[in-house]
Amino acid sequence: MVRGSKCYKVLQARGNANFRCLISPGCKAATEAPAEGTILRRNAAPISDSGYCRSFNYAAFSSTKCSQPESCTRIPLNLMRALANRSIDVSSLGASSSVQRTPVCSGSTGLIGSGGGLQSVRHLQTLAVTPTGPKIIKADTEETIEVSVDGHSLQIPKGMTVLQACEVAGKEIPRFCYHSRLSIAGNCRMCLVEVEKTPKPVASCAMPALPGMKIKTDTPLVKKAREGVMEFLLLNHPLDCPICDQGGECDLQDQSMVFGSDRGRFTDTKRSVVDKNLGPLVKTVMTRCIHCTRCVRFASEIAGVPDLGVLGRGGSEEIGTYVENLMTSELSGNVIDICPVGALTSKPFAFTARSWELKSTESIDVSDALGSNIRIDSRGPEVMRIIPRLNEEVNEEWISDKTRFSYDGLKRQRLNEPMIRRPGGYLEPVTWRAALSAVAQAVHQVKPEEMAGVVGKLADAESIIALKDFLNKLGCENTWCEGIGANIDADVRSKYLLNTTIAGVENADVFLLIGTQVRKEAPLLNARIRKAVRNNRAKVATIGPPIDLTYDHEDLGDGTDALIQIAEGKHPFSTLLSKAQHPVVIVGAGVFERSDKDAVMAVVETIVDQAKVVRDDWNGFNVLLLEAAHAAALDLGFVPGVTAKLLSKDHLKFLYLLGADDIKPDDIPKDAFVVYQGHHGDRSAYRANVILPGAAFTEKEGTYESTEGRTQQTSPAVPSVGDARDDWKIIRALSEVVGVQLPYDSVSAVRARFLAVSPNLFRVDELEPPTVWPQSITPRSSSSKIESSPFIKAIDNFYMTNSICRASRTMAQCTSAFANLKQI
Amino acid sequence: MSWRGQLSQIVRELRIHFCQTSSSSDATREFILKNYKDLKTLNPGLPILIRECSGIQPRLWARYAYGVERSVPLEGLTEPQITAKLEELSKYAS
Ligand code: SF4
Ligand code: FES
């Protein structure tokens, strides 16, 4: 990193006030050059883990400067893994920020300010919150050791591997099998470095750094060794980059640019391997496999399904499923990202686009309530694929298969023009004006008490508040959100949010899961619980429908009996719970729709009270919401109001369904006027009198709140179809036609309205922790009696939960492939 | 204290905004601790949305029939004063 007498970053850093040198104490790189020999190291976030951005490759290994400007966006994000979550604690390095951001490589010489990688303009304001800034590693504490990398000595925490030490020194080591979230395999040998006084090059990912080690990463020996490894890897690797879907974002391709030879010495025929059938999601081309075993480790460590394994030895080594078997995990798509070559690729995406033609948009997933961070890759008006974005606090770097593969549903069954049902029963496409005035006419004919508004699973906060204000202005209080139960009370946030937070769940040691099938309701939360089970030996007990959770758990029955026993202290589990240091109770969707919900919740509260699940420094009481719209709808108070007569649905004469598809057509009175606003011609569209086409989450900028209370926004990646409009705009227009005009004309004005209703929704990308009130402040519901009926399954088929999935062919294929399997 | 019981006849929704930590919201938090249970018991159907957000000014919002809203800032008020404000809000004829 040092050139002549000046670090070349200094040149780059001029004028960038945020830049600070991480190693040299008094160095202000922007103004003065550091002393010779100072190692400058980049901040934690942008260093890639599995590979490098291509430009970085050239820079790292040919000591040229990166040609990419700081604003470079061409780098495949899945190559970018943050140093932030290596097995070492980055905060101990002092190079972390309290604001977690998705890392974006900023080119090899890009400088990242003290706040950790800064990505989009939208994040700018929020980033200013509490950046802790990089600090100097304390050299004098006991936990650090001194090693030298390429002649520069540095202090690193004890327990790091050589590879991590090199990273601290700013030296990128090429690697295939090493992955910071998986166990160390050390079988690709690409990460060879030279260590003084060892007879031969060592695999740095598997070698612990020892005091006084002299590591050399750029000697001719190292280069030669890596070139040798590369040549062996390429022996049996087919030359099919032009037709390989990984092309352009392939670690092997990238690293062969540096270490590959321009001709081969191998004259035999290449080995052939039978492709495995892993199901409708993951395509395999097993000749491309380099046996890094990342996929095997992912399946058994993270996904918790021991379906993949290594068969054979030496030249006949193969990755496979032992017996003809599908990969039965709802996280299976992640092996596509994790495979460094094109052996595992996406089946639905196969041969549809090359990675460099795609436009990437950072967005948020809406298929469950976790709000996974995603990147939508689109070409023209079409969503081509969805891949994860890194967010340590939410989805790490994984997403569920439903998130990843249901996008093809966005192209089918779309509502693209307003329609009115004519007397013959057919739907006639009309103009917006005609459709809105038809609704207005219907509104004027009914009394406020006879109206109702229902919010569906995928609604954004903007449309929810618009609908609420609209109905309120008409005098209607009859509003509810589907899938969350009729008698929900939205007064206190801590009673319906995941208080422990998704990341916080990892620290727990005893879990009680009530009426929830976490694996289906929130697969990534399940992966976190699995992590706690693996790391802390957490004990898990479930009360609810039996399910394979991918880790050991005790099934306490599916009814409320065990629950009452635990509350009474008669159950052996109650001692376990009260002895736990970090107990977690999660109430899931199986409880919401019960008629005795209040009574069940009262029992849960007793348990929470007795076991001290909520303490000053730990809140272990959680409600796991089911759908993306729920948290925002509750925060905005989209619940039955004072004058609501919810139970007698028969008197309803006007029903406004904002993407609500689960309401049974039979439950709607025959003479009711039904308005359906949504993006898919799903169930409720068949009953609608007027259809108003809205935009899907990939087409609008919508605010969503996750089940832990984190406010996030989607961004439009593709244009909306046909005549469809943003949802809040439709309601705004309708309000004007009806004569109760809503006071906002722009999306920022709608968001300003959040400030008056639930200000936390205004704080995008932030988690506003709910206040914990003593239980005594809520009046105990006295009336209802607890029933012993079993908790229902909130989700029967993981792959078919909302209107987008139901229109998706891939999800239908998954249903037929996996439906008969018990696991999912 | 009869206005408390009458609350849900005039007010359609109450919203209390405050900050989780700042001292300007202390009185508001105390108000909630002391009065929420009573208010909720007397008006079981009335949504009383308790919404926290860091760094905001505490404020009491009342929504009346037909979407009319009024609000009062609570900064600098004591707990009894907040109660008085609520009583005031509850007496607006909409
Ligand atoms: S399939 Fe991919 S991830 Fe799995 S061992 Fe082969 S190269 Fe590695
Ligand atoms: S990365 Fe070290 S052996 Fe594979």
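Residues numbered from 1 in each chain as written. Chains lettered and ligands numbered in written order. Predicted model: local features only at pLDDT ≥ 70, side-chain atom pairs only at ≥ 80, totals over all residues. Heavy atoms only, no water.

Let's talk about the site of ligand 1
Here's step 1: Surrounding ligand 1, one finds 13 residues, the nearest of these being Cys289, Cys292, Thr293, Cys295 and Cys339 of chain A.
Here's step 2: Residues that form the shell around ligand 1 fall into these classes: 10 nonpolar, 2 polar and 1 charged. (Near = heavy atom within 4 Å. Nonpolar A, V, L, I, M, F, W, Y, C, P; charged D, E, K, R; others polar.)

Focus on the interface of chain A and chain B
Here's step 1: Every contact between the two is made by 40 residues of chain A and, on the other side, 32 residues of chain B.
Here's step 2: Approximately 2800 Å² of surface area, both sides summed, lies buried where chain A meets chain B, with 54% of it carried by carbon and sulfur atoms.
Here's step 3: Looking only at chain A, the three residues that lose the most surface to chain B are Asp491, Val642 and Trp773 of chain A, adding up to 23% of its buried area.
Here's step 4: Counting the contacts that link chain A with chain B gives 8 salt bridges.
Here's step 5: On inspection of chain A and its partner chain B, the count reaches 23 residue pairs in polar contact (both at pLDDT 80 or more).
Here's step 6: Residue classes in the side of chain A that touches chain B are distributed as 20 nonpolar, 10 polar and 10 charged. (Contact = heavy atoms within 4.5 Å. Buried area = accessible area lost by both parts, 1.4 Å probe. Salt bridge = Lys/Arg side-chain N within 4 Å of Asp/Glu carboxyl O. Polar contact = N/O pair within 3.5 Å; in protein donor to acceptor, adjacent residues only side chain to side chain.)

Quick notes on the nonpolar core
Residues and elements named next belong to chain A.
Here's step 1: Counting residues in each nonpolar core, the largest one holds 97 residues, and the members touching the most others are Val147, Ile215, Phe511, Leu525 and Ile529.
Here's step 2: Both of domain 2 (251-411) and domain 4 (498-624) provide at least three residues apiece to this core.
Here's step 3: Apart from residues no more than four positions distant in its own chain, Ile215 is found in contact with Val147, Ser148, Val149, Asp150, Val162, Ala165, Cys166, Val193, Glu194 and Val195.
Here's step 4: Judged by nonpolar contacts, the second largest core, of 90 residues, contains Val439, Ala461, Cys476 and Phe754. (Core = buried A, V, L, I, M, F, W, Y, C linked by side-chain atoms within 4.5 Å. Buried < 20%, exposed > 50% of the residue type's maximum accessible area, 1.4 Å probe, protein only. Domains from an automatic or database assignment.)

Description of the domain arrangement of chain A
Interface size is commonly expressed as the accessible area that is lost once the parts come together.
Residue and element names in this part refer to chain A.
Here's step 1: For chain A, the assigned domains are domain 1 (1-74), domain 2 (251-411), domain 3 (419-488 + 630-767) and domain 4 (498-624).
Here's step 2: The distance between the C-alpha centroids of domain 3 and domain 4 comes to 33 Å.
Here's step 3: The interface of domain 3 with domain 4 comprises 8 residues on the first partner and 10 residues on the second.
Here's step 4: The largest per-residue losses of area from domain 3 upon contact with domain 4 belong to Asn487, Thr707 and Glu708, which jointly make up 61% of the total buried on that side.
Here's step 5: The tally of links between domain 3 and domain 4 comes to 0 salt bridges.
Here's step 6: Applying the counting rule to domain 3 against domain 4 returns 3 residue pairs in polar contact (both at pLDDT 80 or more).
Here's step 7: Residues that form the side of domain 3 that touches domain 4 fall into these classes: 3 nonpolar, 4 polar and 1 charged.

With respect to the packing of helix H15 (residues 561-568) of chain A against helix H18 (residues 597-610) of chain A
Residue and element names in this part refer to chain A.
Here's step 1: Across the interface, H15 lies against H18 with an axial gap of 8 Å and an inter-helix angle of 35°. In terms of crossing hand, the pair formed by H15 and H18 is left-handed. Two secondary-structure elements touch here, H15 through Leu563, Ile564, Ile566 and Ala567 and H18 through Val600, Val603, Val604, Thr606, Ile607 and Gln610.
Here's step 2: Considering only residue class, the contact of H15 with H18 consists of 8 nonpolar, 2 polar and no charged. (Axes fitted to C-alpha atoms, helices over the stretch in contact; angles between N-to-C directions. Helix = DSSP H or I, 4+ residues; strand = E, 2+ residues; numbered from the N terminus. Left-handed = near helix turned anticlockwise from the far one by under 90°.)

Here's the deal with the confidence of the model for chain A
Here's step 1: Predicted confidence across chain A gives a mean pLDDT of 82, with 81% of residues reaching 70 or more.
Here's step 2: Predicted confidence for residues 1-141 of chain A stays below pLDDT 50, and this span has 301 contacts to residues more than four positions away or in other chains. (pLDDT = per-residue confidence, 0-100.)

Observations concerning the sheet that holds strand S3 (residues 144-149) of chain A
Residues and elements named next belong to chain A.
Here's step 1: The strand order across the open sheet built from 5 strands is S4-S3-S7-S5-S6, with neighbouring strands paired in mixed fashion. The open sheet has two edge strands, strand S4 (152-157) and strand S6 (202-203), and neither has a second partner.
Here's step 2: Pairing of S3 with strand S7 (residues 214-216), which is carried by 2 bridges, proceeds in the parallel orientation. Each residue of the ladder has a partner; that of Ser148, found in S7, is Lys214.
Here's step 3: Each of strand S5 (192-195) and S7 touches helix H6 (residues 220-235); the most contacted strand, S5, lies at about 150° to it. (Pairing = 2+ DSSP bridges.)

Examining the pairing of S5 of chain A
For a regular strand, side-chain orientation follows a simple rule: the groups alternate between the two sheet faces.
All names here are of chain A.
Here's step 1: Alternating residues of S5 divide into Leu192 and Glu194 and Val193 and Val195, and every residue in both groups is buried.
Here's step 2: Where S5 meets S6, 2 bridges bridge the pair, whose relative direction is antiparallel. Bridging across to S6, Val193 finds its partner in Val202.
Here's step 3: Alignment of S5 against S7, held across 2 bridges, turns out to be antiparallel. Each residue of the ladder has a partner; that of Val195, found in S7, is Ile215.

Here we look at the pattern of salt bridges
Residues and elements named next belong to chain A.
Here's step 1: Within this structure, the stated rule accounts for 66 salt bridges over all chains.
Here's step 2: Between Arg389 and Glu362 there is a salt bridge, with the nearest N and O atoms lying 3.3 Å from each other. You can see Arg389 sitting in the loop between strand S14 (382-388) and helix H10 (401-405) and its partner Glu362 sitting in strand S12 (residues 359-364), a full 27 residues away along the chain.
Here's step 3: Accessibility expressed as a relative area gives 4% for Arg389, which makes it buried.
Here's step 4: A salt bridge links Glu450 to Lys447; the nearest nitrogen and oxygen atoms lie 3.5 Å apart.
Here's step 5: Judged by relative accessible area, Glu450 falls into the buried class, the value being 12%.
Here's step 6: By relative accessible area, which is 48% here, Lys447 ends up partly exposed.

As for unusual backbone geometry
Residues and elements named next belong to chain A.
Here's step 1: Residue Arg189 is not a glycine yet carries a positive backbone phi of 65°.
Here's step 2: Note on placement: Arg189 falls in the loop between helix H5 (162-168) and S5.
Here's step 3: For Thr501, which is not a glycine, the phi torsion comes out positive at approximately 70°.
Here's step 4: Looking at where Thr501 falls in the secondary structure, it is placed in the loop between strand S18 (479-481) and strand S19 (510-514).

Things to note about the packing of helix H8 (residues 294-303) of chain A against helix H14 (residues 523-536) of chain A
Residues and elements named next belong to chain A.
Here's step 1: Two elements in contact, H8 and H14, have axes whose closest approach is 9 Å; the angle formed by their N-to-C orientations is 85°. With respect to H14, the axis of H8 lies roughly perpendicular. Across the interface between the two elements, Ser300, Glu301, Ile302 and Ala303 from H8 touch Ala527, Arg530 and Arg534 from H14.
Here's step 2: Here the residues of the contact of H8 with H14 are counted per class, giving 3 nonpolar, 1 polar and 3 charged. (Parallel < 35°, antiparallel > 145°, perpendicular 65-115°, else oblique.)

Focus on the side chain of Glu79 of chain B
Here's step 1: Summarising the element assignment, Glu79 of chain B is placed in helix H3 (residues 79-90).
Here's step 2: Contacts of Glu79 of chain B, omitting those with residues within four sequence positions, involve Ala27, Glu30, Phe31, Lys34 and Asn35 of chain B.

Considering the side chain of Ser329 of chain A
Here's step 1: Here Ser329 of chain A shows up in the loop between strand S10 (318-320) and helix H9 (334-338).
Here's step 2: In terms of polar contacts, Ser329 of chain A uses its side chain to reach the backbone amide nitrogen of Leu331 of chain A, at 2.9 Å.

Structural notes on the packing of aromatic side chains
All names here are of chain B.
Here's step 1: Per the stated rule, a full pass over the model turns up 7 aromatic pairs over all chains.
Here's step 2: Ring geometry for Tyr64 against Tyr92: centres 6.3 Å apart, planes inclined by 75°, an arrangement best described as edge-to-face. With Tyr64 in strand S3 (residues 59-64) and Tyr92 in the segment after H3, the pair connects residues that are 28 residues apart, well separated along the chain.
Here's step 3: The class for Tyr64 is buried, based on a relative accessible area of 0%.
Here's step 4: On the accessibility criterion, Tyr92 (35% relative accessible area) is partly exposed. (Phe/Tyr/Trp six-rings, centres within 6.5 Å; stacked < 30°, edge-to-face > 60°.)

Examining the sheet that holds strand S16 (residues 427-429) of chain A
All names here are of chain A.
Here's step 1: If you trace the 7 strands from one edge of the open sheet to the other, you get S16-S15-S26-S25-S24-S17-S18, paired in mixed fashion. The open sheet has two edge strands with one neighbour each: S16 and S18. Shown here is a sheet whose adjacent strand axes are inclined to one another by a mean of 15°, direction ignored.
Here's step 2: Sheet analysis places strand S15 (residues 419-421) next to strand S26 (residues 690-693), joined by 2 bridges and oriented antiparallel. Looking across to S26, one finds that Met419 is bridged to Ile691.
Here's step 3: Running at roughly 130° to S26, helix H11 (residues 432-445) makes contact with S15, strand S17 (451-455), strand S24 (654-658), strand S25 (673-678) and S26 of the sheet.
Here's step 4: Sitting on the sheet, helix H20 (residues 727-738) is in contact with S24, S25 and S26, with an inclination near 155° to S24.

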